[in-house]
Number of protein chains: 4
Amino acid sequence: MATQRVGFLGLGVMGKQMAQRLLKQGTEVVVWNRSADKCAPLVALGATALATPAEVVDACSVTHGMLADPKASEAVCLGADGVASAAKVGKSYLDHSTIDEATGARLAAAVGATGARFLAAPVSGGWRDAAAGELLFVCGGDRTLFDEVTAPGASLAVMGSKHWHVGESSEGPARAKLMLQIMMGTYIAALGETLALADKAGLDQAQIMDMFDSSAMANPISKAKGQLMIDGDDRRNYAPNFQVYLQQKDLRLALQLADDLAQPAPLAAAANAQYVAARKRGHAHDDFAAVRAAYD
Amino acid sequence: MATQRVGFLGLGVMGKQMAQRLLKQGTEVVVWNRSADKCAPLVALGATALATPAEVVDACSVTHGMLADPKASEAVCLGADGVASAAKVGKSYLDHSTIDEATGARLAAAVGATGARFLAAPVSGGWRDAAAGELLFVCGGDRTLFDEVTAPGASLAVMGSKHWHVGESSEGPARAKLMLQIMMGTYIAALGETLALADKAGLDQAQIMDMFDSSAMANPISKAKGQLMIDGDDRRNYAPNFQVYLQQKDLRLALQLADDLAQPAPLAAAANAQYVAARKRGHAHDDFAAVRAAYD
Amino acid sequence: MATQRVGFLGLGVMGKQMAQRLLKQGTEVVVWNRSADKCAPLVALGATALATPAEVVDACSVTHGMLADPKASEAVCLGADGVASAAKVGKSYLDHSTIDEATGARLAAAVGATGARFLAAPVSGGWRDAAAGELLFVCGGDRTLFDEVTAPGASLAVMGSKHWHVGESSEGPARAKLMLQIMMGTYIAALGETLALADKAGLDQAQIMDMFDSSAMANPISKAKGQLMIDGDDRRNYAPNFQVYLQQKDLRLALQLADDLAQPAPLAAAANAQYVAARKRGHAHDDFAAVRAAYD
Amino acid sequence: MATQRVGFLGLGVMGKQMAQRLLKQGTEVVVWNRSADKCAPLVALGATALATPAEVVDACSVTHGMLADPKASEAVCLGADGVASAAKVGKSYLDHSTIDEATGARLAAAVGATGARFLAAPVSGGWRDAAAGELLFVCGGDRTLFDEVTAPGASLAVMGSKHWHVGESSEGPARAKLMLQIMMGTYIAALGETLALADKAGLDQAQIMDMFDSSAMANPISKAKGQLMIDGDDRRNYAPNFQVYLQQKDLRLALQLADDLAQPAPLAAAANAQYVAARKRGHAHDDFAAVRAAYD
């Protein structure tokens, strides 16, 4: 495969590692960052730095964006000298920020209107995964673009170990993520319910958790949250990683979706009531392991 | 540590591997089996075979039993020339069969009445784990006996990788197992609920399952059951491993326990209703992955 | 209709009124009571008093029993000189005590074995209803007997305003009563949930209750329990009429029945969890309106 | 009390009866209707008819509006020659239409901005109740206005038998109504669950319903819906009075409110799942008694 050239916008903690991974695997990379000084380490590795997102899009057929938040995503894409101003037939843009559905839809419409292709491609994983090319990408949008960038040696294949195309619309990734969130919310509420019952039954919670971790159900998130629950008689021990009110908000969104689709979701509804009870007891901003407190 | 000698009663698929593991790790083993011919392979490895359970108990300070079912456990322990007939102060007996609470209580009482020590020690794992000495033991009964047999080099330490002492009573292991069962029942019902919702939301169930398997929630049982659910439009595909009606029976026992202890268990109650619904739809004797059908 | 003669065993608060009602409506009544002095007021009204249940059965083709509890019911029917000792083809016995299923089954079997007919006929209503002939009878057992005693002018018609035959077995009335109990348990839990929500929403609970009482949902039990809930910030105000733990026990029985029949009952299961939560918070022996406390 | 004069806008089926009631009880009434011919019968009873809402407001200190829908309410209040154009300090306007929260808020703001007083006062009851002066009014808005119009002999006292002031805001009545709706939704779902269980238990549903109707739980709406459920094996028998999807929408609104207030509502959540299941089975537009079908 001939050397390819891709654009990369946004060189924060994650973006820097992603662009570096591309360079180290032999891809030619053209970068841009709001604060230009962040480009230097990549230029040292062989990247070319340009002055605006539009110049990057002009120079590359495929450009990636990894911005801090929806507002930044929107500015880089729709602002002056932004992606959309240079996009046209033959150009492609992938946004990897975890943007909300509404912002995603606006970007998809604006880029699509120029004749360019768009893919919402939010990423899972941390900077170590980025450095190792082991990110996970959940993509929604143009299928041909997805196929091209995930082909062996292409940019998404180089940066990640898993790629899913979950539909032609930019809302697909948000829905897919919601499915994982209701699983997580229900699993962890069930864990809290069981540990509370075990405790009441005179069993040792740490022993039950150890048996669980030795079983075919063992998984890292349950292990971590179970430990927090056992440690957490004291509210201060629920270190806020993902907060109760956020988990409950995701369950509410899932229940709203279920209602809209005429699909009953009684377990998610029962789990939601427990996260609401945890909020009632003052745990809204504690880690969602604090759902355990709904059983006290 | 000096060579120790232990008794082993019951040489079925599991018992044979457990006794063999003891022999291969340098323990002197005295065996008995209802059909005497099953002793031959172990004698070939150095074991001594005796004619009755009583003779084995007489010859060893610690004896293990691994019988097929509660009836066999009871016969070997309480029958003519059984364990109890030779038990006395200084002797110890461990029953590894998954016996029910009532049978366990009868054995504990009968052995205890002789002055001997008793441990209910049901086992998790298959014959491969037995051969590798990687079984899991959940034990209830005499604590000093537990400590002795799990000391480095002692019989339970040689046969298993994990040992938990969950109380002085033979009912402890049953309660602990119930805790794992309600976790399993609720997890798998939540999985069915989510996959049904994903399907209705126009998402690809296999993709959602693949994302799940790539997440921090990934675990072997959810992976296996999720696959069955996706394959299982046709009832015949739900291979009966652990059946719907058995999973529902365990949830009912857990709910009864929760009621008795004045401890609410709303998620287990909601999950139970879904297994009942699956029974209503004709899936009582399918694998419990068929809880998915409650959402059709 | 020619004057009929019926036997009546047990002249407590209820039995006295029932027998009196029969006498005042022109029925010839033969009575017996463990303490013979309680017969006097009825003899003054024209009744004949005899010395044993057996003598009463001997003297009458149809005999009614209204005893204090299952133990008394059993003694009067199965004891020395009891109903069963005189029963034979051509005789009939109705037990109006709220006896449990097991006792009912024993009485039905013993009376039936003599060739006599039996009807379990537990009663709803108080002594004022008894005096006015407005009791409610839920009957299980011999259908021909039911038809005869509920014919115009016959004993059950004279004593009650409603009679239901719910099956040939003495367990029918118990099951029917369970249906009313789960309705009651779920209605009152829903009332508590709504009043708690109204309160949190800044609405006046008494106003909401007043609107409810002015609506097509208005009913005496909800009105009474709603009032208790509004008054009951202080636990002492929950006067024990029907206690939390008894209501929860009935819900558990109903859920057990639902499980046995493979019929999901998710609302009853959710309501049960709230009564369990009320027990957890120390309200086991308060009036079941205290389910409201599960929402605090 | 001196004769008072009130304005009345909107003479449809309900408005005509309400205005007539005022006239017959000795109130002087000034009327307006979009189609002027509907004023004639009231003029025959002594009313004065004027040409625009503004003229009516100008002529009376208190004016009532009973319009067909939010759009009509808005036109009559905010349109040319509407209520707001003549409103000023010293004037008062009551809207009795069941308007949505948003429309109510707009009217309250527009009328309030003129210095006039406003009361959202939706009505319960039919035209017969209107003729008898037995309507129910749930009011939100100016408290002094509420006190004046509900004083003995004043307009709201003449037209209705019950009046509740549920807060200073026009959203109060909507929230209060939601409380009654979740009660109704949960009660009727519980009824369906119980009848389905009774049927499965071999009991006669009509008998159970008859016992219910003879109990302290008896209420008109449960009686009517229970009858529909028993008759309704055939979907056509679920006459659409209040439809499944509307009941479910109200439950969803209530659950959203409960989530917002951090107040768990597990029974409403379980009931909601059953209405969703009824929609899934094709009953969205049948009477909400069709929630019974969720249990088939």
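Residues numbered from 1 in each chain as written. Chains lettered and ligands numbered in written order. Predicted model: local features only at pLDDT ≥ 70, side-chain atom pairs only at ≥ 80, totals over all residues. Heavy atoms only, no water.

Engineer: I'd like a description of the overall build of chain A, backed by residues and values.
Structural biologist: When you go through chain A residue by residue, the secondary structure sums to 14 helices and nine strands. Projected onto the principal axes, the alpha-carbon positions of chain A cover approximately 65 × 40 × 35 Å. In chain A, which comprises 296 residues, the proportion classed as buried is 57%. Taking all contacts inside chain A whose residues are at least 6 apart in sequence as the whole, residues at least 24 apart take part in 66%. Surface accessibility of chain A: about 11200 Å² in total, with carbon and sulfur atoms responsible for 52%. Treating the 27 positive side-chain charges of chain A as one cloud and the 31 negative ones as another, the clouds have centres 3 Å apart. (Helix = DSSP H or I, 4+ residues; strand = E, 2+ residues; numbered from the N terminus. Buried < 20%, exposed > 50% of the residue type's maximum accessible area, 1.4 Å probe, protein only. Contact = heavy atoms within 4.5 Å. Areas by Shrake-Rupley, 256 points an atom, 1.4 Å probe, with all protein chains shown as cover. Lys, Arg positive; Asp, Glu negative; His and termini not counted. Charge placed at Lys NZ, Arg CZ, Asp CG, Glu CD.)

Engineer: Give a detailed account of the interface of chain D and chain C, specifying residues and quantitative values.
Structural biologist: Contacts between the two partners involve 55 residues from chain D, matched on the other side by 55 residues from chain C. Buried area between chain D and chain C, both sides added, is near 5100 Å², and the carbon and sulfur share of it is 72%. On the chain D side of the contact with chain C, D:Tyr187, D:Met217 and D:Leu267 bury the most area, a combined 14% of that side's loss. Here chain D and chain C share two salt bridges between them. Note that C:Asp210 and D:Lys162 form a salt bridge whose closest N and O atoms lie 3.0 Å from each other. Counting across the interface, chain D meets chain C through 20 residue pairs in polar contact (both at pLDDT 80 or more). Elements supplying a minimum of two residues to the side of chain D that touches chain C: strand 8 (135-141), strand 9 (160-165), helix 10 (172-200), helix 11 (205-213), helix 12 (220-231), helix 13 (244-260) and helix 14 (266-280) of chain D. Examining the composition of the side of chain D that touches chain C, we find that 19 residues originate from one element, helix 10 of chain D, more than from any other. (Buried area = accessible area lost by both parts, 1.4 Å probe. Salt bridge = Lys/Arg side-chain N within 4 Å of Asp/Glu carboxyl O. Polar contact = N/O pair within 3.5 Å; in protein donor to acceptor, adjacent residues only side chain to side chain.)

Engineer: Got a sec to walk through the relation of the copies chain A and chain B? Specific residues and values, please.
Structural biologist: Superposition of chain A onto chain B requires a rotation of 180° combined with a translation of 0.0 Å along the rotation axis, giving an RMSD of 0.1 Å. The two molecules are tied by a two-fold rotation axis, judged by turn and shift. (Least-squares fit on C-alpha atoms with pLDDT ≥ 70 in both.)

Engineer: Can you tell me about the domain arrangement of chain A, naming the residues and giving the values?
Structural biologist: For chain A, the domain assignment lists domain 1 (6-168) and domain 2 (175-294). Summarising the inter-unit geometry, the C-alpha centres of domain 1 of chain A and domain 2 of chain A are found 34 Å apart. (Domains from an automatic or database assignment.)

Engineer: If you had to explain the packing of helix 10 (residues 172-200) of chain B against helix 14 (residues 266-280) of chain B to someone new, which residues and values would you point to?
Structural biologist: All names here are of chain B. Interhelical geometry of helix 10 versus helix 14 gives an angle of 65° and a closest axis separation of 9 Å. When the interaxial angle is binned, helix 10 and helix 14 end up roughly perpendicular. The two elements helix 10 and helix 14 meet at a crossing, and its hand is left-handed. Contact residues: helix 10 offers Met184, Gly185, Thr186, Ile188 and Ala189, while helix 14 offers Leu267, Ala268, Ala271 and Tyr275. (Axes fitted to C-alpha atoms, helices over the stretch in contact; angles between N-to-C directions. Parallel < 35°, antiparallel > 145°, perpendicular 65-115°, else oblique. Left-handed = near helix turned anticlockwise from the far one by under 90°.)

Engineer: Provide a residue-level description of helix 6 (residues 101-113) of chain A, including the pertinent values.
Structural biologist: Every α-helix winds through 3.6 residues per turn, so residues three or four apart in the chain are directed the same way. Residue and element names in this part refer to chain A. Its 13 residues place the ends of helix 6 18 Å apart at the C-alpha level, agreeing with the 18 Å of an ideal helix rising 1.5 Å per residue. Taken residue by residue, helix 6 has Thr103, Gly104, Leu107 and Val111 as its buried positions. Angular distribution of buried residues about the axis of helix 6 spans 100°; they occupy a single face of the element. The outward face of helix 6, more than 90 degrees from its buried face, is lined by the exposed residues Ala109 and Ala113. For helix 6, the secondary structure elements touched by its buried residues are helix 4 (70-78), strand 5 (92-95) and strand 6 (117-120). Of the residues trailing helix 6, Gly115 is marked for its positive phi of about 95°. (Expected span 1.5 Å × (residues − 1). Arc of directions from axis to C-beta.)

Engineer: Explain the UniProt feature "domain: 6-phosphogluconate dehydrogenase NADP-binding" (unreviewed entry) in chain A residue by residue, including any values.
Structural biologist: Per the UniProt record, "domain: 6-phosphogluconate dehydrogenase NADP-binding" (unreviewed entry) is annotated on residues 5-151 of chain A. Here residues 5-151 of chain A is 43% helix and 22% strand, with 15 Å between the C-alpha atoms at its ends. (UniProt positions renumbered as here; feature names shortened; annotations may be inferred.)

Engineer: Break down the side chain of A:Thr63 for me, citing the residues and quoting the values.
Structural biologist: Examined against the element boundaries, A:Thr63 turns out to sit in strand 4 (residues 62-65). When sequence neighbours within four positions are dropped, the list of residues in contact with A:Thr63 reads A:Gly7, A:Phe8, A:Leu9, A:Val56, A:Val57, A:Ser92, A:Tyr93 and A:Leu94.

Engineer: Tell me about the packing of aromatic side chains, residues and numbers included.
Structural biologist: Counted by the stated rule, this structure contains 14 aromatic pairs over all chains. With a centroid separation of 6.2 Å and 40° between ring planes, the pair formed by A:Tyr93 and A:Phe118 is classed as tilted. Note that A:Tyr93 is positioned in strand 5 and A:Phe118 in strand 6, a separation of 25 residues in sequence. Assessed through its relative accessible area of 7%, A:Phe118 is described here as buried. Here C:Tyr187 and D:Tyr187 contribute two aromatic rings whose centre-to-centre distance is 3.6 Å and whose plane-to-plane angle is 10°, an arrangement assigned as stacked. Pair noted here: C:Tyr187 is in helix 10 (residues 172-200) and D:Tyr187 is in helix 10, and the two residues belong to different chains. Comparing C:Tyr187 with D:Tyr187, the two get one shared label, buried. By the ring-pair criterion, three or more aromatic residues cluster together here, those being A:Tyr187, A:Phe212, B:Tyr187 and B:Phe212. (Phe/Tyr/Trp six-rings, centres within 6.5 Å; stacked < 30°, edge-to-face > 60°.)

Engineer: Describe the interface of chain A and chain B, listing the residues and the values that go with them.
Structural biologist: Counting residues at the interface gives 55 residues for chain A and 55 residues for chain B. When chain A packs against chain B, close to 5100 Å² is buried across both sides, 72% of that on carbon and sulfur atoms. Summed over the shared surface of chain A and chain B, the number is two salt bridges. Counting every contact that joins chain A to chain B gives 20 residue pairs in polar contact (both at pLDDT 80 or more). Looking at the side of chain A that touches chain B, the elements that each hand over two or more residues are strand 8 (135-141), strand 9 (160-165), helix 10 (172-200), helix 11 (205-213), helix 12 (220-231), helix 13 (244-260) and helix 14 (266-280) of chain A. The dominant element in the side of chain A that touches chain B, judged by the number of residues it contributes, is helix 10 of chain A, at 19 residues. Residues belonging to the side of chain A that touches chain B are distributed by class as follows: 40 nonpolar, ten polar and five charged. (Nonpolar A, V, L, I, M, F, W, Y, C, P; charged D, E, K, R; others polar.)

Engineer: Talk me through the state of the cysteines; I want residue IDs and the actual numbers.
Structural biologist: What is meant by a disulfide is a covalent connection between two cysteines, made through their sulfur atoms. Residue and element names in this part refer to chain A. Tallying each qualifying case throughout the model produces zero disulfides over all chains. Cysteine Cys39 is unpaired, with the sulfur of Cys60 as its nearest cysteine sulfur at 13 Å. On the accessibility criterion, Cys39 (6% relative accessible area) is buried. (Disulfide = S-S within 2.5 Å.)

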